Amino acid sequence: MATTFIATNAISTTLRVSAMKSRAALSEATKEATTGRLADVGLDLGALTGRDVVLRAGLNDVDKLVDTNALVSGHLDVTQERLGSLIDTATSFQKDLLASRNSANGGNIIAQPAAANLQSLLATLNVTMDGQHLFAGINTAVQPMTDYAPGSANKTAIDAAFFAAFGFAQNSPLVSTITPANMQTFLDTTFKTEFDDPAWGNNWSAANDQVMTTRISTTETVDSSVSANEPAFRKLAMAYTMLSDIGTQNLNQSVVSDRNRQRDPNHRRCHQRSGGNRCHDWNGTGEDHHRHQPAQGSGGSLHQANQCHGSGRAGGSVGPRYQSAEPAGDVAVADRTYSAAQHP
Amino acid sequence: MTLTVALNSARSSLMATGMQTSVISRNIAGANQDGYSRKNVLVATLPGNGVYVAGIQRATSAGLFYNVLKAASTTAKQDSLYNGLQKIAATTVDDPEQDQSPAAELAKLKSALQQYATAPDNATLAQAAVNAAKGVASSLNDATKTVQSVRADADTDMATSVSTINQLLSQVDTVNTSIVKGTIAGSDITDYLDLRDSILSKLSQEVGITVATRANNDMVVYTDSGVTLFETKARAVTFAPTNAYTAGTTGNAVYIDGVPVTGAGAVMPIHSGKLAGLATLRDDAAVTYQSQLDETARGLIETFAESDQSGAALPDVPGLFTYPGAPAMPPTALISAGLAGTIFVNPSVDQTAGGNPSLLRDGAISGNAAYNYNTGNNAGFSDRLQQLVDGIAANRPFDPSAQGKPNASLIDFAGSSVSWLESQRKSASDEATYSQTLLERSADALSNVSGVNMDDEMSFMLQVERTFSASSKLIATVDGMLKDLLAAVG
């Protein structure tokens, strides 16, 4: 009898308990079916819950990197576009320069666009995005370039240098008495110094040499801006200033187009400062620049500038190389403009 | 005279069936009552004189009953542990999708810093990063509060459990005395035995017990660790509750018969029952989790500490995250008890508290200019922010006694703390489910041995009814025969 005996209470208890369990399981299953997730993730995963949490943290991290990379990419696009327009301006100015070289009143013709281009260069370098000055290095809160206008530190310094060298101001009729040799000396020494440190930092630019750096992946940090202190910008400013504000209008034609002028070895140094970039050997021939015919030289520089630009794009899908190639292209343009102005 | 003997036998049969009917009706009444055991009337033959009721027996199985006690103790322990862990997990982790664990808050802070590092001149992003930092600090503060309130609740429940145990023991005392007296007097003690069993099963839910029966059904009760709870008289169970808990508080031990049975100094620690579960929660699980929170807080303070930039070799000081012990740094790679409860974001970076969020970029949050990283005062200075983002991802040592990863990044360590908590909860839940099933099966088996089957009782009643009517018929017949005999004589 004992083997088959079952208590009435046990029958009802078993039924009650199993009904209760089914009910609980049903409610859990309903929740899982509607949400598509475990009803109690922590209870089901146990020791693996930490991995869930850490993976979510990683996802969060990468999500944010995608966001910030888009932001940086926006900044780089603006920078790229501005630099592109600088190259265009410089290239077209170079054509004007070639055209004006042999005309009787060449200096006068070229002074006006040079002044305008200088203003445009300075305005470009002062561009802001979201309140950041893109070309100010890490000193993004301060406008990097000082306007070139009477009363500004840069204009005052150039005026003083000119006066110190020749004993009269740029607008004096006596400008026509300046000899090519004197002008050469002035350009190579006093004038050039105005665009080197510390004069550049004091009179022209408030930008910081240190550029913005951005984390673009969990492990990789890259430079993500260009400083207005790059040699390319200095050369470009120097060329525009020279052609607009050292008495170009009144200069003797022999000064404006001195065919026999030797190239200044400093230029080569400038190219080399652009660091491992092939652009300094413009035509890939290794020939000395002054031996080129001007037209070839000009064409070569434009060609090379574009090539640099292109190779910069191709070589660096991200940040720094892509950016550093830009000024290198400008070095070519700026330098060539400078020497083209002095070649006959 | 044989007819008189027949009458006497029939009478004794009537008396026995009367007793049987009474027992059947008791069985039917108790059929659906937990802990009621089926009673049997022991009917013995009186040679030459019919039958008599020798006593009432109850159906029981001591072995199955002890299994039920044991399973009930284990279930109660795991249940109370699970409930406490569940409370902590629901507040500090919940569904990982909710992103409310300290690890998730840290990830948010890292993202906010990354965003700020992209535009270090943006004060709005700076304040967003500071807000994320406040989120981290308050998640640690809240977690600490929860953990300590769970400990305080456990302490209160222990006090309740102790008073229940004392109450049950005094009931055992009363019932046991009745049983011993009844056994000696030979009266029906089966209902008292049932009562004592049901008191014992209640007691086993509070604390794991073992029992032994001595002469005259006298019972001795020990805890599962061997401390005497009841022997002739109830032993005192004492506990002094602690009302407020902080991370450094150690709760008082429970004493049974003067012997400490819970806590680190327990001589004979109890292993099961609600009391053991609560003590484990209060003195062990919650304390370990608290030390993991404290280690996370310490790691945060270290990650965001500022080092001297002036070259004067000044010591490091807490930066964005600070605590009441600043400017000293908390000792490295050692648990600072309660740090997670006191960590806060330095008000000097909090715009809502009149601070300057840009200090996050520049340094010198502590107020000393020697710790300024951005000496050029550049708005786009991002080195310090990158350093902080790297710092969150960098591996650092943690005290191994916290039972998290001993060498990991902040987020990984906080993640391992989540793992630890959930694995504890899962194992408590699994154990509870297992012992619950065991309890159900044991109770089922015991019920089948000692319980009442209504159909069986009914058929038995029919049998008794037959006997009763036969005996009455017999009496009527003897009565008729005696009448006839007397009439013939008369």
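Look above for the structure.
Residues numbered from 1 in each chain as written. Chains lettered and ligands numbered in written order. Predicted model: local features only at pLDDT ≥ 70, side-chain atom pairs only at ≥ 80, totals over all residues. Heavy atoms only, no water.

Attention shifts here to the overall build of chain B. When helices and strands are counted, chain B shows eleven helices and 13 strands. Relative to its length of 490 residues, chain B is extended, with a C-alpha radius of gyration of 37 Å against a globular reference of 23 Å. Referenced to the eigenvectors of the C-alpha coordinate spread, the extents of chain B come out at roughly 145 × 40 × 35 Å. The buried share of chain B, reckoned over its 490 residues, is 51%. In chain B, the share of contacts with a sequence separation of at least 24, taken over all contacts with a separation of at least 6, comes to 66%. (Helix = DSSP H or I, 4+ residues; strand = E, 2+ residues; numbered from the N terminus. Rg over C-alpha atoms; globule rule 2.2 N^0.38 Å. Buried < 20%, exposed > 50% of the residue type's maximum accessible area, 1.4 Å probe, protein only. Contact = heavy atoms within 4.5 Å.)

The subject of this paragraph is the overall build of chain A. Helices and strands together make up the secondary structure of chain A, namely twelve helices and four strands. When contacts within chain A are restricted to residue pairs at least 6 apart in sequence, those whose partners lie at least 24 apart make up 69%. Accessible area for chain A stands at about 15,800 Å²; split by element, carbon and sulfur atoms hold 55% of it. (Areas by Shrake-Rupley, 256 points an atom, 1.4 Å probe, with all protein chains shown as cover.)

B:Leu113, B:Leu203, B:Leu229, B:Phe321 and B:Leu360 are the most contacted members of the largest nonpolar core, which has 102 residues in total. When residues of this core are assigned to their parent elements, the largest contribution, 21 residues, is made by helix H4 (residues 123-185) of chain B. When sequence neighbours within four positions are dropped, the list of residues in contact with B:Leu113 reads B:Ala129, B:Phe304, B:Leu360, B:Leu385, B:Leu388, B:Val389 and B:Ile392. Counting residues in each nonpolar core, the second largest holds 43 residues, with A:Phe93, A:Leu118, A:Phe168 and A:Ala228 among its members. (Core = buried A, V, L, I, M, F, W, Y, C linked by side-chain atoms within 4.5 Å.)

Residues and elements named next belong to chain B. Scanning the model with the defined rule gives 33 salt bridges over all chains in all. One salt bridge connects arginine 441 with aspartate 444, and the closest N-O pair in it is separated by 3.9 Å. Placement of the pair is arginine 441 and aspartate 444 together in helix H10 (residues 410-450), with a separation of three residues, close to one helical turn. Residue classification places arginine 441 among the partly exposed positions, given a relative accessible area of 47%. Under the relative-accessibility criterion, aspartate 444 is labelled buried at 19%. Salt bridges sharing partners connect three or more residues here, namely Arg26, Lys39, Arg58, Asp188, Asp191, Asp194 and Asp197. (Salt bridge = Lys/Arg side-chain N within 4 Å of Asp/Glu carboxyl O.)

Take the pairing of strand S2 (residues 51-58) of chain B next. Residue and element names in this part refer to chain B. Strand direction decides the pairing type here: strand S1 (residues 39-45) and S2, joined by seven bridges, are antiparallel. Paired with alanine 44 across the bridge in S2 is tyrosine 52. Hairpin connection between S1 and S2: a loop of five residues separates the two successive antiparallel strands, and glycine 48 in this loop has a positive phi of roughly 80 degrees. (Pairing = 2+ DSSP bridges.)

In this section: the interface of chain A and chain B. On the chain B side, the residues contacting the 49 residues of chain A number 54 residues. Buried area between chain A and chain B, summed over both chains or domains, comes out near 4,100 Å², and the portion from carbon and sulfur atoms is 49%. Of all residues in chain A, the largest losses of buried area upon contact with chain B belong to A:Phe5, A:Leu43 and A:Arg215, amounting jointly to 16% of the total for that side. Where chain A touches chain B, the interface holds six salt bridges. Here B:Lys110 ties to A:Asp61 by a salt bridge, and the two come within 2.7 Å at their closest N and O atoms. Inspection of the region where chain A meets chain B yields 27 residue pairs in polar contact (both at pLDDT 80 or more). (Buried area = accessible area lost by both parts, 1.4 Å probe. Polar contact = N/O pair within 3.5 Å; in protein donor to acceptor, adjacent residues only side chain to side chain.)

What follows deals with the packing of aromatic side chains. By the definition in use, this model includes 16 aromatic pairs over all chains. Between the aromatic rings of A:Phe93 and A:Tyr240, the centroid separation amounts to 5.5 Å while the plane-to-plane angle is 70 degrees, which identifies the pairing as edge-to-face. Placement of the pair is A:Phe93 in helix H3 (residues 49-101) and A:Tyr240 in helix H8 (residues 231-245), with a sequence separation of 147 residues. The same class applies to A:Phe93 and to A:Tyr240, which are both buried. Judged by centre distance (5.8 Å) and plane angle (80 degrees), the ring pair of A:Phe135 and A:Phe233 falls under edge-to-face. You can see A:Phe135 sitting in the loop between strand S2 (132-133) and helix H5 (153-166) and its partner A:Phe233 sitting in helix H8, a full 98 residues away along the chain. Given the relative accessible area of 0%, A:Phe135 is considered buried. Three or more aromatic residues joined by ring pairs make a cluster, and in this case those are A:Tyr148, A:Phe162, A:Phe166, A:Phe168, A:Phe186, A:Phe191, A:Phe195, A:Trp200 and A:Trp204. Between the NZ or CZ atom of B:Lys39 and the centre of the ring of B:Tyr36, over which it lies, the distance is 3.8 Å. (Phe/Tyr/Trp six-rings, centres within 6.5 Å; stacked < 30°, edge-to-face > 60°. Lys NZ or Arg CZ within 6 Å of the ring centre and 35° of its normal.)

Residues and elements named next belong to chain A. For the pair helix H6 (residues 180-193) and H8, interaxial distance at closest approach is 12 Å and the crossing angle is 115 degrees. Between H6 and H8, the crossing angle belongs to the class labelled roughly perpendicular. For the crossing formed where H6 meets H8, the hand is right-handed. Mapping the contact onto sequence places Leu187, Phe191 and Lys192 in H6 and Met238, Thr241 and Met242 in H8. When grouped by side-chain class, the residues that make up the contact of H6 with H8 number four nonpolar, one polar and one charged. (Axes fitted to C-alpha atoms, helices over the stretch in contact; angles between N-to-C directions. Parallel < 35°, antiparallel > 145°, perpendicular 65-115°, else oblique. Left-handed = near helix turned anticlockwise from the far one by under 90°. Nonpolar A, V, L, I, M, F, W, Y, C, P; charged D, E, K, R; others polar.)

Quick look at a nonpolar patch on the surface now. Residues A:Ile6, A:Ile11 and A:Leu15 make up a contiguous nonpolar surface patch of about 270 Å² in total accessible area. Structurally, A:Leu15 is set in helix H1 (residues 8-35). (Patch = residues over 30% accessible without salt bridge, like charges linked within 9 Å, V, L, I, M, F, W, Y side chains within 5 Å.)

Below, the discussion takes up unusual backbone geometry. Glycine aside, a negative phi is what most residues show, and trans is what most peptide bonds show. The linkage connecting A:Asp197 with the following residue, A:Pro198, adopts the cis geometry, with an omega of 5 degrees. Within the secondary structure, A:Pro198 sits in the loop between H6 and helix H7 (199-204). In the Ramachandran plot, B:Asp257 falls in the positive-phi region, its phi being about 55 degrees despite a non-glycine side chain. By the secondary structure assignment, B:Asp257 is in the loop between strand S8 (255-256) and strand S9 (259-260). The residue B:Ala333 is not glycine, and still its phi comes out positive at about 55 degrees.

On to the sheet that holds S8(B). Residues and elements named next belong to chain B. Across the sheet, which stays open at both edges, the three strands sit in the order S7-S8-S9 with antiparallel pairing between neighbours. The two strands at the open ends of the sheet, each matched to only one other strand, are strand S7 (237-238) and S9. Of the strand pairs in this sheet, S7 and S8 are connected by two bridges, and their pairing is antiparallel. Along S8, the bridge assignment pairs threonine 238 with tyrosine 255.

Before going further, it helps to spend a moment on the sheet that holds strand S3 (residues 209-213) of chain B. In a beta sheet, neighbouring strands are held together by backbone hydrogen bonds and run either parallel or antiparallel to one another. Residue and element names in this part refer to chain B. Judged by pairing direction, the sheet is antiparallel, and its four strands sit side by side in the order S3-S4-S5-S6 without closing on themselves. Each of the sheet's edge strands pairs with one partner strand only, and the pair in question is S3 and strand S6 (233-234). The sheet contact formed by S3 and strand S4 (residues 219-223) spans five bridges and is antiparallel. Bridged to isoleucine 209 within S4 is threonine 223.

Here we take up the side chain of B:Arg396. All names here are of chain B. Locating arginine 396 in the fold gives a position in strand S12 (residues 396-397). Here arginine 396 falls in the buried class, since its relative accessible area comes to 13%. Within the structure, arginine 396 has its side chain in polar contact with the side chain of glutamate 302 (distance 3.4 Å). A distance of 3.2 Å separates the side chain of arginine 396 from the side chain of threonine 303, its partner in a polar contact. Beyond its immediate sequence surroundings of up to four residues, arginine 396 is in contact with Gly299, Glu302, Thr303, Gly391, Pro406, Asn407 and Ala408.

With that settled, the discussion passes to the side chain of B:Asp294. Residue and element names in this part refer to chain B. The residue aspartate 294 is located in helix H6 (residues 274-303) in this model. Within the buried set, aspartate 294 has no salt-bridge partner at all; the shortest N-O distance to an opposite charge, 9.1 Å, is to arginine 151. Among the polar contacts made by the side chain of aspartate 294, one reaches the main-chain amide nitrogen of glycine 338 at a distance of 2.8 Å. If we skip the residues at most four places from it in the chain, aspartate 294 touches Ala247, Ile335, Ser336, Ala337, Gly338, Leu339 and Ala340. (Lys, Arg positive; Asp, Glu negative; His and termini not counted.)

In this section: the environment of B:Leu169. All names here are of chain B. Along the polypeptide, leucine 169 turns up in helix H4. Sequence-wise, leucine 169 and lysine 233 are 64 residues apart; in three dimensions their C-alpha atoms are separated by 8.6 Å. When neighbours within four sequence positions are excluded, leucine 169 is seen to be in contact with Leu203, Leu229, Phe230, Ala234, Arg235 and Val237.

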